[in-house]
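# Working through the structure, step by step
The chain contents come next:
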Amino acid sequence: MKENKIWHNTPTNDWNEATPLGNGKLGMMVFGGTAEERIQLNEESFWSGWECDEYDSPETAKHLDEMRQLIFEGKYTEAQALCNRYMVCRGQGHHDSRAAYGSYQTAGDLYITFPENTPDVPPDYRRSLILNEGRAEVTHGNMKRDYFVSYGYNTAVIRVQNCPAGTTLRYARENTTVIYDPHEIIAVGYLPTKFTVLIHHEQKDGDLYVYITAATAYKTDRDPKAVCRETLDCAIEAGYDALLQETKEYFASMLDRVEIAFPQSGSKADIPTDQRIANPEGDIGLVELYFNFGRYLLVGSSRGRLPANLQGIWCKDYYAPWSADFHININLQMNYWFAEVCNLPELVEPFFEFIKILVEPGSRTARVAYNCPGWVAHVCTTPWGYTSLGCHPVYGAFAAAGAWCLRHVKERWLYSGDKAILQEFYPIIKGASEFFCAYLVRDPRNGHLVTAPASSPENCFISPNDGSVVSICAGPTMDTSIIRELLEFNIEAANTLGIDGDFVKTLEETAAQLRPFRIGKHGQIMEWSEDFDEPEPGHRHISHLYGLYPAAQIRQSTPELFDAARKTIERRLAHGGGHTGWSRAWIINFFARLADGNAAYENIVALLKNSTLPNMFDNHPPFQIDGNFGGTAGIAEMLLQSHDDCIDLLPALPDAWSDGEFKNFKARGGFTVSAKWQGGRVVDCHIAGKDGQPFRARINGDVIEASGQYIYQA
Ligand code: FUC
């Protein structure tokens, strides 16, 4: 890994410039001050709120027919008014960040004060994050500080070499009891779930060692203080060197699995990273760094009991933007887009476990709000399993959100070919299908089965009868795309497992009655059932292209739709689209699927330039991690794609990356693929499958057929 370091030549007071470290569940942000160090701490289960079964409203089910009727009559304004009352949750729902919904929260701040130092920044000051070692360091003068978070020991570690005399430690968190003992700080409080942060510190030979861990009582009977004590005892006994070694090996074992390299003259790695981010044009190495950082961030935020949230695990707030929750109308899913191709399947496990959390409350939501079997989840959710409608239908009436999560199970199946994942998830897949088989309704205007009332995530249209701006419709394209994918996956799963023949028939009949994609007056893929005008044609959500990416329903083999997909993106971009980090990241992936490398690369540069903070975190604004992950996925998608048993090498290579190399990417079917190219042409590639499996590969425009192992050399 050549581009393996993010570094700055100043400390910072700004959280958005601090250095993130994490082991997948425990995190810290290092500010690197010379006179006072601030370390902001996180633990993934620091969630306020609690389980609450009051949010689903039976009024929704009671008024479904009425709301549908108005939509089918084209009375959108009237339908909207009714939906604003009934197509919503009870109470404050996801606005209850100070009540049951809750918010992800900081685990507090540790301050280390060096009284001999001044806040001045010496010219030799360096604050660096070494990605494939999972460690950061601050150096200036004879001072050296090291920081890392051990996965194996679940402990954050700080070492201050040549620690100045009189150095003190202080911990701060609101509503928290803090006890100082000679070598220990114990912090205890209630979120209302009980939590503990335990900090041990000791001086040895002039160096200061600090060990930190944290735990809550979220879904466990164990006392968090006892858990912390046991964890730190273990870490301290193993000692600093062992923890550092374990951390380096762990990060290398995750991040060295794949690699990209763009050989270039004049590497910019010795320029501080914030300066590179401000001038991304032509800095190809920065793309490599962004790719490595994205993988680093997922290793750092997705190896515990909960998936990476809107901020991964890094959060300084008590009431974070959008509660730093799990938004499942794009954001959570985007976090995992690159995990399979970059061979990090274990990092998806917390997401899989999280889907299971949604099933029980989601069954209640299906029953109470829709009078339907199965389970359903809407726009946003929490570790407490919120699955209800939102507070407003424009975003909250999105019933396909849970089904979208299941496409990650499908990807696991496609990448691994392991039936165990189908077995494990079959009842959950079936539950989602059962919901839609009951919920879908025939639109009398066109005879198709549609979701209604429904919205196309967060977007609005102009009602043709009175010109008002509304969001409620029947059968938005995204719902149909997701449901089609779900039903087809359910059929494949049932057939593969050799079960549920009768249900498969129902699924086939249902899928056949879904509405096909249609092309509208701008040549675009239609977003809604009718070709409505839009008040915001540059809207950040491009939901009607779900079929282009992440799904693969719109392909080169469907040329008219393929062309319409391009027009759809161009229209969004022409009206200022891509203005949030994640939206820009999605566009990169769209262009990769459209095999337009130069357009994809232009959007990578825009992501770096307009939507990246000085520490390389994605900027929605504010900081939101999905863009980092979506951008990383986009880079991989430009280099390798795999559909229909065809491994497509360099499907969207931009002119700027004329020479390069990627190593050990995964393709669907379980293949491991490496390639080297020069002047835009593959000169060397290696494809390895298991058990002599046959495959096709597209190399320099030619399709070859092979099985097992394939080596190509120009
Ligand atoms: C979706 C997006 C917003 C934001 C929020 C967390 O609702 O539309 O832009 O990313 O999630």
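Preceding this section is the structure that the text describes.
Residues numbered from 1 in each chain as written. Predicted model: local features only at pLDDT ≥ 70, side-chain atom pairs only at ≥ 80, totals over all residues. Heavy atoms only, no water.

### Re the pairing of strand S24 (residues 660-667)
This is how the line gets drawn: A pair of strands counts as paired when DSSP detects no fewer than two bridges linking them. A helix here means a DSSP run of H or I that spans at least four residues, while a strand means a run of E at least two residues long, and both kinds are numbered starting from the N terminus.
Here 3 bridges tie strand S15 (residues 259-261) to S24, and the two strands are oriented antiparallel to one another. In the sheet register, Ala261 faces S24, and the bridge partner there is Glu661. Two strands pair when backbone bridges link them, and S24 and strand S25 (residues 671-678) are joined in this way by 6 bridges, in the antiparallel orientation. Each residue of the ladder has a partner; that of Lys666, found in S25, is Thr672.

### What about the nonpolar core?
Note the cut-off: Throughout this description, the term nonpolar core refers to a set of buried Ala, Val, Leu, Ile, Met, Phe, Trp, Tyr and Cys residues connected via side-chain atoms within 4.5 Å. Any residue under 20% of the maximum accessible area for its type is buried, any over 50% is exposed, and the rest in between are partly exposed; the area is computed with a 1.4 Å probe on protein chains only. Residue contacts follow a heavy-atom distance rule, with two residues in contact if any of their heavy atoms lie within 4.5 Å.
Counting 222 residues, the largest nonpolar core has Val197, Tyr370, Trp657 and Phe662 as its most contacted members. No other element matches helix H6 (residues 284-301), which puts 11 residues into this core. Ignoring any residue separated from it by four or fewer positions in sequence, one finds Phe662 in contact with Glu259, Ile260, Leu639, Leu640, Leu649, Leu650, Val673, Ser674, Ala675 and Trp677.

### Some thoughts on the packing of aromatic side chains
Heads up, the rule is: To pair, rings of Phe, Tyr and Trp, with the six-membered ring standing in for Trp, must have centres within 6.5 Å; the planes then decide the type, stacked if under 30 degrees apart, edge-to-face if over 60, and tilted in the middle. Placement of a charge over a ring requires the Lys NZ or Arg CZ to be within 6 Å of the ring centre, with the centre-to-atom vector within 35 degrees of the ring normal.
This model, assessed by the stated rule, comprises 43 aromatic pairs. With centroids separated by 6.5 Å and ring planes inclined at 40°, the aromatic side chains of Trp404 and Trp586 adopt a geometry described as tilted. Of this pair, Trp404 sits in helix H10 (residues 401-416) while Trp586 sits in helix H15 (residues 581-593), and the two are 182 residues apart along the sequence. Each member of the pair, Trp404 together with Trp586, is buried. A network of ring pairs unites the aromatic residues Trp15, Tyr151, Tyr250, Phe251, Phe293, Tyr296, Trp314, Phe617 and Phe623 as a single cluster. The cationic tip of Arg170 hangs over the ring face of Tyr111; the distance from NZ or CZ to the ring centre is 4.4 Å.

### Some points on the site of the ligand
We apply this condition: If even one non-hydrogen atom of a residue comes within 4 Å of a molecule or strand, that residue is called near it. Pairing of N or O atoms within 3.5 Å defines a polar contact, subject to two protein rules: one partner must be a possible hydrogen donor and the other a possible acceptor, and residues neighboring in sequence count only if both atoms are side-chain atoms. Per-residue accessibility takes into account occlusion by the displayed protein chains alone, with areas from the Shrake-Rupley method and a 1.4 Å probe. Gly counts as polar in this scheme, as do all residues outside two lists: the nonpolar Ala, Val, Leu, Ile, Met, Phe, Trp, Tyr, Cys and Pro, and the charged Asp, Glu, Lys and Arg.
Lining the immediate surroundings of the ligand are Leu310, Trp322, His327, Asn329, Asn331, Glu458, Arg540, His541, Trp582, His620 and Gln624. Between the ligand and the protein, one listed contact pairs an oxygen atom with a side-chain N or O atom of Gln624 at 2.8 Å. In isolation the ligand offers 290 Å² of accessible surface; the protein chains occlude 97% of this area. A breakdown of the residues in the shell around the ligand according to their chemical character gives 3 nonpolar, 6 polar and 2 charged.

### Here we look at the pattern of salt bridges
Cut-off, in case you're wondering: Every case where a carboxyl oxygen of Asp or Glu lies within 4 Å of a side-chain nitrogen of Lys or Arg is listed as a salt bridge.
Taken as a whole and judged by the stated rule, the model has 44 salt bridges. A salt bridge links Arg170 to Glu36; the shortest N-O distance between them is 4.0 Å. One end of the pair, Arg170, is in strand S10 (residues 168-172); the other, Glu36, is in strand S4 (residues 36-43), with 134 residues separating them in the sequence. Overall, the relative accessible area of 40% leaves Arg170 in the partly exposed class. Taking the relative accessible area as the measure of exposure, Glu36 reaches 36% and is therefore partly exposed. Here Arg229 and Glu184 are joined by a salt bridge, their closest N and O atoms 2.7 Å apart. Placement of the pair is Arg229 in helix H3 (residues 224-238) and Glu184 in strand S12 (residues 184-190), with a sequence separation of 45 residues. Residues joined by salt bridges that share partners form a network here, namely Glu133, Arg135, Glu137, Lys144, Asp146 and Arg159.

### With respect to the packing of H6 against helix H17 (residues 626-639)
We count it as follows: Here an axis means a line fitted to C-alpha atoms, over the contact stretch when the element is a helix, while the angle between two N-to-C directions is reported on a 0 to 180 degree scale. To sort the angles, those under 35 degrees are grouped as roughly parallel, those over 145 as roughly antiparallel, those from 65 to 115 as roughly perpendicular, and the leftovers as oblique. For any helix crossing, the convention is left-handed if the near helix is rotated counterclockwise from the far helix by under a right angle, and right-handed if that rotation is clockwise.
The geometry of H6 relative to H17 is characterised by a closest axis approach of 9 Å and an angle of 125° between their N-to-C directions. With respect to H17, the element H6 is oriented oblique. Between H6 and H17 lies a crossing whose hand is left-handed. Only Gly627, Asn628, Phe629, Gly631, Thr632, Ile635 and Ala636 of H17 make contact with H6, whose side of the interface consists of Val287, Tyr290, Phe291, Phe293, Gly294, Arg295, Leu297, Leu298 and Ser301. Residue classes in the contact of H6 with H17 are distributed as 9 nonpolar, 6 polar and 1 charged.

### What about the pairing of strand S23 (residues 646-649)?
Here is the key point about a regular strand: its side chains alternate between the two faces of the sheet. Covered by surrounding structure in S23 are Cys646 and Asp648 together with Ile647 and Leu649, the residues of both alternating faces. Inspection of the sheet shows strand S22 (residues 640-643) paired to S23 by 4 bridges, in the antiparallel sense. Residue pairing for S23: Ser642 is matched across the bridge by Ile647. With antiparallel pairing between neighbouring strands as the criterion, S22 and S23 make up a hairpin whose turn holds 2 residues, including Asp644 at a positive phi of roughly 50°. Here S23 pairs with strand S27 (residues 694-699) via 3 bridges, running parallel. Each bridged residue has a counterpart across the sheet, and for Cys646 the counterpart in S27 is Arg696.

### A word on the sheet that holds strand S29 (residues 709-713)
Taken together, 5 strands build an open sheet; the order of strands is S15-S24-S25-S26-S29 and the sheet is antiparallel. One side of each edge strand has no neighbouring strand; the edge strands of this open sheet are S15 and S29. The sheet shows a mean angle of 15° between the axes of neighbouring strands, direction not considered. Taken together, the 7 bridges between S25 and strand S26 (residues 681-688) define a ladder with antiparallel strand orientation. Within S26, the position partnered with Ser674 by the bridge is His686. Packed onto the sheet, H17 meets S15, S24 and S25 and runs at close to 100° relative to S24.

### A closer look at the environment of His94
Here His94 lies in the loop between helix H2 (76-86) and strand S5 (109-113). Its relative accessible area of 13% is what places His94 among the buried residues. As for His94 and Glu424, which are separated by 330 residues in sequence, their C-alpha atoms are 30 Å apart. Side-chain polar atoms of His94 contact the backbone nitrogen of Cys391, separated by 3.0 Å.

### Thoughts on helix H12 (residues 477-497)
Filter applied, for reference: Here a helix's expected span is defined as the number of its residues, less one, multiplied by 1.5 Å.
Its 21 residues place the ends of H12 30 Å apart at the C-alpha level, agreeing with the 30 Å of an ideal helix rising 1.5 Å per residue. Across the 21 residues of H12, 17 count as buried, placing the element largely inside the fold. Just past H12, the residue Gly498 takes up positive phi, approximately 65°.

### Considerations on the side chain of Ser103
On the secondary structure map, Ser103 appears in the loop between H2 and S5. Residue Ser103 is classed as buried on the basis of its relative accessible area of 0%. Only 3.0 Å separates the side chain of Ser103 from the backbone nitrogen of Ala320, close enough to count as a polar contact. Beyond its immediate sequence surroundings of up to four residues, Ser103 is in contact with Phe46, Trp47, Ser48, Ser97, Tyr318, Tyr319, Ala320 and Ser323.

### Here's the deal with the packing of helix H1 (residues 58-72) against H2
H2 packs onto H1 with a crossing angle of 170° between their chain directions and a minimal axis gap of 9 Å. By the angle class used here, H1 and H2 are roughly antiparallel. For the pair H1 and H2, contact is made by Glu59, Thr60, His63, Glu66, Met67, Leu70 and Ile71 and by Tyr76, Glu78, Ala79, Leu82, Cys83 and Tyr86, respectively. The residue makeup of the contact of H1 with H2, split by class, is 8 nonpolar, 2 polar and 3 charged.

### Brief notes about the sheet that holds S10
Strand pairing in a sheet is mediated by backbone hydrogen bonds. Such pairs are either parallel or antiparallel. With antiparallel pairing, 5 strands are arranged side by side in an open sheet as S2-S3-S4-S5-S10. At either margin of the open sheet sits one strand with a lone partner, and together these are strand S2 (19-22) and S10. Mean inter-strand twist for the sheet, computed between neighbouring axes without regard to direction, equals 20°. Bridging between S4 and S5 involves 5 bridges; their strand directions are antiparallel. Residue Arg38 lies in a different strand from S5, and its bridge partner there is Tyr111.

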